[in-house]
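Secondary and tertiary structure notes
If you want the building blocks of each chain, they are given just below.
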Amino acid sequence: MNFYNINNYKEIINFKQALKIGLGKNQGLFFPSFIPKINLKNINQILDMDFINRSSYLISLFIKDEISLKNLTKIIHKAFNFPLKLINIKNNIFCLELFHGPTLSFKDFGVRFMSQILNYFTEQKKIIILTATSGDTGAAVAHAFYNINNIEVIILYPKNKISVLQEKLFCTLGKNIKTIAIEGNFDDCQKLVKQSFEDTYLRNKVILNSANSINISRLIAQICYYFEAFAKIKKNNRNNVIVSIPCGNFGNLTAGLIAKSMGLPIKKFIAATNSNDTVLRYLKNGIWKPKKTITTLSNAMDVNNPNNWPRILELFKINNWNLNRLSSQSISDNLTEKSIIKLYNKYKYITEPHSAIAYHALSSKIKCQEDFGIFLGTAHPAKFQDYIDKILKIRIKLPIVLTNYIKKENLSYNFPNNFTYFKTFLIKNYI
Ligand SMILES: *Cc1c(COP(=O)(O)O)cnc(C)c1O
């Protein structure tokens, strides 16, 4: 299948190219030239398959002309090597826990698929993955690309601005993963990445890729867990499913909407955000007006200009859906915290700020008993150990993956916030 640039319909490329370049001309996102459709009768058959085989099949609908189903299945087997769970919280509310991967966030799905498929398409020339992170993405990228041949990873993060736990999770690996603590904030890190991509000398010498959430490969991988959620529920509930998603860059929601567009009968989506409510205001008044980013408890969603939004508009356009079918809610830190406390005190369920936002938005929208509500659990509560312990007055047990890394040495470099300094490092090590 081909993929076109939303900002420049003439730029049409195949999957492998879209995977490698990430972003097209005029900052345009790539979009599938058509959405493969599955009719309802076949949907139920597909839902009977196991997760790995079903996921391989679904992804093959997009890329079978470039990779055989057999090879794709091998890739998916390596990428999705952890469970996902649908947990009943109360009556008709469920949490789809997507955080049982190696870095305890749902980002493991998209990034692990991206690393495996990039490895499959790899050529002689070395690829450098250059990413800025405020936490979750860096960890997912580091683990997904660890030990992968011919790919070098450099992760920039703001010094002393992420938790020690988060830092240990991705700065202790070594080998092809280099991590750099920058004297500055997240925006400074992002700027250094951007400057590197714009640097003609570097661009001519190496292949740079940012592995960020605009990469189409990450989205295609994320479609699979929406189907898995349906596979886990009874047939008679499948027509009443409302899904609430904690949104930052809106990649997760985009994948859900693609799943619906393919034929998965999701009745309604709720785009739950924190106080960064650009989308909510846009849905109300049709004006796109990002405000200054507000720092919240759900920091992975502190995004004021969600980069996947143009894809969502494109999906609504090609499907002739009305935008007012999308529901959005903005949840304050105060309500987020109250939801975490309520979920624990009333239902003995321990959650963290991102997932709690989706829960809160969902519980206010569930109207009748027939509704089957699912909110996405995007991070493991242990990642927010200090905060959760404090507000719930408990001690969360850390999963073994985390305790293993705490003992290891932090291998990060410390750099000033200076592009020339960073570029010299790149040239010395990779050129
Ligand atoms: C990245 C992230 C989100 C937001 O996902 P998007 O696809 O960017 O909307 C939500 N929760 C957690 C824990 C995240 O790391």
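As the structure is a computational prediction, the values presented were derived from the model and not from experiment.

1. A look at the overall build of the protein
Assigned secondary structure in the protein consists of 18 helices and 14 strands. Radius of gyration (C-alpha) of the protein: 21 Å, near the 22 Å computed for a compact globule of 431 residues. In terms of overall dimensions, the protein has a C-alpha envelope of 65 × 55 × 45 Å along the principal axes. Counting the 431 residues in the protein, one finds 60% classified as buried. Of the contacts formed within the protein by residues at least 6 apart in sequence, a portion of 74% connects residues at least 24 apart.

2. Quick notes on the site of the ligand
The immediate surroundings of the ligand are formed by 15 residues, with K107, D136, G248, N249 and F250 found nearest. One of the backbone N or O atoms of G251 is found 3.1 Å from an oxygen atom in the ligand. If the ligand stood free it would expose 380 Å²; the protein chains cover 97% of that surface. Of the residues that constitute the shell around the ligand, the class distribution is seven nonpolar, six polar and two charged.

3. Side note on the domain arrangement of the protein
Along its sequence, the protein is organised into domain 1 (83-105 + 219-392) and domain 2 (108-215 + 406-430). Using only C-alpha atoms to locate each centre, domain 1 and domain 2 end up separated by 27 Å. Across the contact, 19 residues belong to domain 1 and 15 residues belong to domain 2. The junction of domain 1 with domain 2 conceals about 1500 Å² of combined surface from both sides, 54% of it contributed by carbon and sulfur atoms. Interface area lost by domain 1 to domain 2 is led by P102, T103 and K383, which between them contribute 34%. Where domain 1 touches domain 2, the interface holds one salt bridge. One can count six residue pairs in polar contact (both at pLDDT 80 or more) joining domain 1 with domain 2. Among the elements that line the side of domain 1 that touches domain 2, the one with the most residues is helix α10 (residues 216-231), at four residues.

4. Observations concerning helix α4 (residues 69-79)
Residues of α4 that are buried: L72, T73, I75, I76 and A79. Taken down its axis, α4 places every buried residue within 165 degrees of arc, on the same side. More than 90 degrees from the buried face of α4, the exposed residues found are K70 and H77. The inward-facing, buried residues of α4 contact α3 (51-63) and α5 (107-120).

5. Here we look at the packing of helix α14 (residues 333-347) against helix α16 (residues 385-392)
Contact pair α14 / α16: the axes reach a minimum separation of 10 Å and the direction vectors enclose 65 degrees. One way to sum up the angle between α14 and α16 is to call them roughly perpendicular. Handedness of the α14/α16 crossing: right-handed. Of α16, the residues touching α14 (which contributes E337, I340, I341 and Y344) are Y387, I388, I391 and L392.

6. Quick look at the packing of aromatic side chains
Taken as a whole, this structure holds 25 aromatic pairs when the rule is applied. On the basis of an interplanar angle of 80 degrees and a centroid distance of 5.4 Å, the ring pair of Y157 and F170 is categorised as edge-to-face. In this pair, Y157 is assigned in strand β7 (residues 151-158) and F170 in helix α7 (residues 164-171), connecting sequence segments 13 residues apart. Exposure remark for Y157: the relative accessible area of 0% places this residue in the buried category. Geometrically, the ring pair formed by F250 and W309 is edge-to-face, given 5.7 Å between the ring centres and 85 degrees between the ring planes. One end of the pair, F250, is in the loop between β10 (241-246) and α11 (251-262); the other, W309, is in helix α13 (residues 309-319), with 59 residues separating them in the sequence. Between K260 and the ring centre of W321, over which it is positioned, the NZ or CZ distance is 5.9 Å. The ring centre of Y344 lies 4.6 Å from the NZ or CZ of K348, which sits over that ring.

7. Describing the sheet that holds strand β3 (residues 30-32)
Strand order in this open sheet of three strands is β2-β1-β3, and the pairing throughout is antiparallel. In this open sheet, the two strands that pair with only one neighbour each are β2 (8-14) and β3. Across this sheet, the average inter-strand angle for adjacent strands is 35 degrees, counted without regard to direction. Looking at chain direction, strand β1 (residues 2-5) and β3 are connected through three bridges and run antiparallel. Bridging across to β3, F3 finds its partner in P32.

Conventions adopted
Residues numbered from 1 in each chain as written. Predicted model: local features only at pLDDT ≥ 70, side-chain atom pairs only at ≥ 80, totals over all residues. Heavy atoms only, no water. Helix = DSSP H or I, 4+ residues; strand = E, 2+ residues; numbered from the N terminus. Rg over C-alpha atoms; globule rule 2.2 N^0.38 Å. Buried < 20%, exposed > 50% of the residue type's maximum accessible area, 1.4 Å probe, protein only. Contact = heavy atoms within 4.5 Å. Near = heavy atom within 4 Å. Polar contact = N/O pair within 3.5 Å; in protein donor to acceptor, adjacent residues only side chain to side chain. Areas by Shrake-Rupley, 256 points an atom, 1.4 Å probe, with all protein chains shown as cover. Nonpolar A, V, L, I, M, F, W, Y, C, P; charged D, E, K, R; others polar. Domains from an automatic or database assignment. Buried area = accessible area lost by both parts, 1.4 Å probe. Salt bridge = Lys/Arg side-chain N within 4 Å of Asp/Glu carboxyl O. Arc of directions from axis to C-beta. Axes fitted to C-alpha atoms, helices over the stretch in contact; angles between N-to-C directions. Parallel < 35°, antiparallel > 145°, perpendicular 65-115°, else oblique. Left-handed = near helix turned anticlockwise from the far one by under 90°. Phe/Tyr/Trp six-rings, centres within 6.5 Å; stacked < 30°, edge-to-face > 60°. Lys NZ or Arg CZ within 6 Å of the ring centre and 35° of its normal. Pairing = 2+ DSSP bridges.

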